[in-house]
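Structural characterization, general
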Amino acid sequence: MGAPDHRPPLVRIRGLDKHYGPTQVLHSVDLDVFAGEVVAIVGPSGSGKSTLCRCINRLDSTTAGSIVVDGAPLPEEGSELRRLRAEVGMVFQSFNLFAHLTVVQNLMLAPVKVRGIRLEEARERAYGLLERVGLADKAYAYPRHLSGGQQQRVAIARALAMEPKLLLFDEPTSALDPEMVREVLGVMTQLALDGMTMIVVTHEMGFARQVADRVVFMDGGRILRTAPPEEFFTAPGHPRAEAFLATLP
Ligand code: ADP
Ligand code: MG
C-alpha cells in the first residue's frame, strides 16, 4: 500500500465520457492510480462504477477522453488489446470460472494461450498461486464443487496467473455469504500488503476503510469526492456522499 509519489501514475484517466446510446453514464471522469495503491470506488447502484471498470479494461468503448495504462494509451483492437488485457486483470461479482475446466486448468489457460508459457511452468505457477489463496488442495476440483468464496479465490488466482500490473475488482464479494466475504477480503488484503495495484468497487466499507489508500465516491456517473478513507468516512465532504453513507447498515 504505497502513497502517491512523483512517478507517473500507472493509470491516468482524463475527461472520460461514456454513453450508452443517447444516455451519458460517465461524465468527465478524471482519476490517477499509482503503482502499489489500493483505490476503493464506492457509490450507489447505477452510478457508473462497473462501467468505469469496463472502460479501463476495454470491455467497453469510451465516448471521449483518455485512459493511459502504464504509459500506453488504451488500444482499440488487435494484439495491443490482448497485451492490455494481460496487464489489467479483472475479478467480477459472478466469478466467471470456466465450468468445464478444473481449478488448475482455469489458472493455466490464459498464461499458455495468451502468453505462450510452457505447460509445466504454467502448472508450477498455478500451484504456487493456489497456495497463496489457500486452495492448494482444490487444484483438481471443478468449479461447481467449490463454495462461492472458494470460486472467487480461484478467480483471483486466475487473474494473478497473468502477472497483471493492475487488478480491477467489481463487487467481488456481493454474491457471497458473510463468512465467505471474510475469506475473500482476506486474500485481497494480503494482495494489497504485497504491493499489488488495485481498483476495488465495493460495498464493504470496513475493507475500504482499512485497506484502501483512497476512496473514490461516484454518483450519477461523476466522481464527486476522492479522499483518504479516514477523511472520507469522518467528513464525506459532499452531501450525496453523506446521504450514501447514511443508507449503509
Ligand atoms: P454501477 O456499477 O455503479 O451500479 P453501472 O456502471 O452498472 O453502475 O451503470 C451505470 C449506468 O449505465 C446505469 O444507469 C445503467 O443502467 C447504465 N448501463 C450500464 N450498462 C449498460 C448497457 N450495456 N446499456 C445501457 N445502459 C447501461
Ligand atoms: Mg456495478
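Attention in this report is confined to the structure presented alongside it. Remember, predicted model here, so these are calculated numbers, not experimental data.

Let us look at the overall build of the protein chain. Scanning the protein chain for helices and strands turns up nine helices and 10 strands. In terms of overall dimensions, the protein chain has C-alpha extents of about 50 × 40 × 40 Å along its principal axes. With 249 residues in all, the protein chain has 51% of them scored as buried. Expressed as a percentage of contacts within the protein chain between residues at least 6 apart in sequence, the contacts between residues at least 24 apart total 66%. Carbon and sulfur atoms make up 51% of the accessible area of the protein chain, which amounts to about 11,400 Å² in all. Taken as two groups, the 27 positive and 29 negative side-chain charges of the protein chain have centres that lie 4 Å from each other.

Moving on: the site of ligand 1. Tyr 20, Val 25, Pro 44, Ser 45, Gly 46, Ser 47, Gly 48, Lys 49, Ser 50 and Thr 51 make up every residue found near ligand 1. One of the side-chain nitrogen or oxygen atoms of Lys 49 is found 2.8 Å away from an oxygen atom of ligand 1. Protein chains shield 55% of the accessible area of ligand 1, which is 560 Å² for the free molecule. Broken down by element, the shell around ligand 1 gets its largest block of residues, three residues, from helix α1 (residues 49–56). Residues of the shell around ligand 1, tallied by class, amount to three nonpolar, six polar and one charged.

Burial of α1 is extensive: six of the eight residues sit out of reach of the surface. Residues Lys 49, Thr 51, Leu 52, Cys 53, Cys 55 and Ile 56 constitute the buried set of α1. Of the residues trailing α1, Arg 58 is marked for its positive phi of about 65°.

Before going further, it helps to spend a moment on the sheet that holds strand β3 (residues 38–42). Spatial strand order, β6-β7-β8-β3-β9-β10: six strands in an open sheet with mixed pairing. Whereas interior strands pair on both sides, the edge strands pair on one side only; in this sheet they are β6 (88–91) and β10 (222–227). On average, adjacent strands in this sheet sit at an angle of 20° to one another, irrespective of strand direction. Bridge analysis of strand β7 (residues 166–170) against strand β8 (residues 197–201) gives five bridges, and the strand direction is parallel. Bridge assignment links Leu 166 to a residue of β8, and that residue is Thr 197. Relative to the sheet, helix α6 (residues 178–193) contacts β3, β7 and β8, its axis offset from that of β8 by approximately 145°.

Topologically, Arg 153 is positioned in helix α5 (residues 148–160). Dropping the residues within four chain positions of it, Arg 153 is found in contact with Val 133, Gly 134, Leu 135, Glu 183, Val 184 and Val 187.

Attention shifts here to the packing of aromatic side chains. For the coordinates displayed, the defined rule picks out three aromatic pairs. Seen from their ring centres, Phe 232 and Phe 233 are 5.2 Å apart, and the 85° between their planes marks the pair as edge-to-face. As far as burial versus exposure is concerned, Phe 232 and Phe 233 are alike and both buried. Site record: aromatic cluster; members linked through ring pairs are Phe 217, Phe 232, Phe 233 and Phe 244. Cation over ring: Arg 158 sits above Phe 98, and NZ or CZ is 4.8 Å from the ring centre.

Once that is clear, we can look at the environment of Ser 28. Within the secondary structure, Ser 28 is located in strand β2 (residues 23–33). For Ser 28, a relative accessible area of 47% translates into the label partly exposed. A C-alpha to C-alpha distance of 7.2 Å links Ser 28 and Arg 14, two positions 14 residues apart in sequence. In this structure, Ser 28 is in contact with Gly 15, Leu 16 and Asp 17, ignoring residues within four places of it in sequence.

Calculation notes
Residues numbered from 1 in each chain as written. Chains lettered and ligands numbered in written order. Predicted model: local features only at pLDDT ≥ 70, side-chain atom pairs only at ≥ 80, totals over all residues. Heavy atoms only, no water. Helix = DSSP H or I, 4+ residues; strand = E, 2+ residues; numbered from the N terminus. Buried < 20%, exposed > 50% of the residue type's maximum accessible area, 1.4 Å probe, protein only. Contact = heavy atoms within 4.5 Å. Areas by Shrake-Rupley, 256 points an atom, 1.4 Å probe, with all protein chains shown as cover. Lys, Arg positive; Asp, Glu negative; His and termini not counted. Charge placed at Lys NZ, Arg CZ, Asp CG, Glu CD. Near = heavy atom within 4 Å. Polar contact = N/O pair within 3.5 Å; in protein donor to acceptor, adjacent residues only side chain to side chain. Nonpolar A, V, L, I, M, F, W, Y, C, P; charged D, E, K, R; others polar. Pairing = 2+ DSSP bridges. Axes fitted to C-alpha atoms, helices over the stretch in contact; angles between N-to-C directions. Phe/Tyr/Trp six-rings, centres within 6.5 Å; stacked < 30°, edge-to-face > 60°. Lys NZ or Arg CZ within 6 Å of the ring centre and 35° of its normal.

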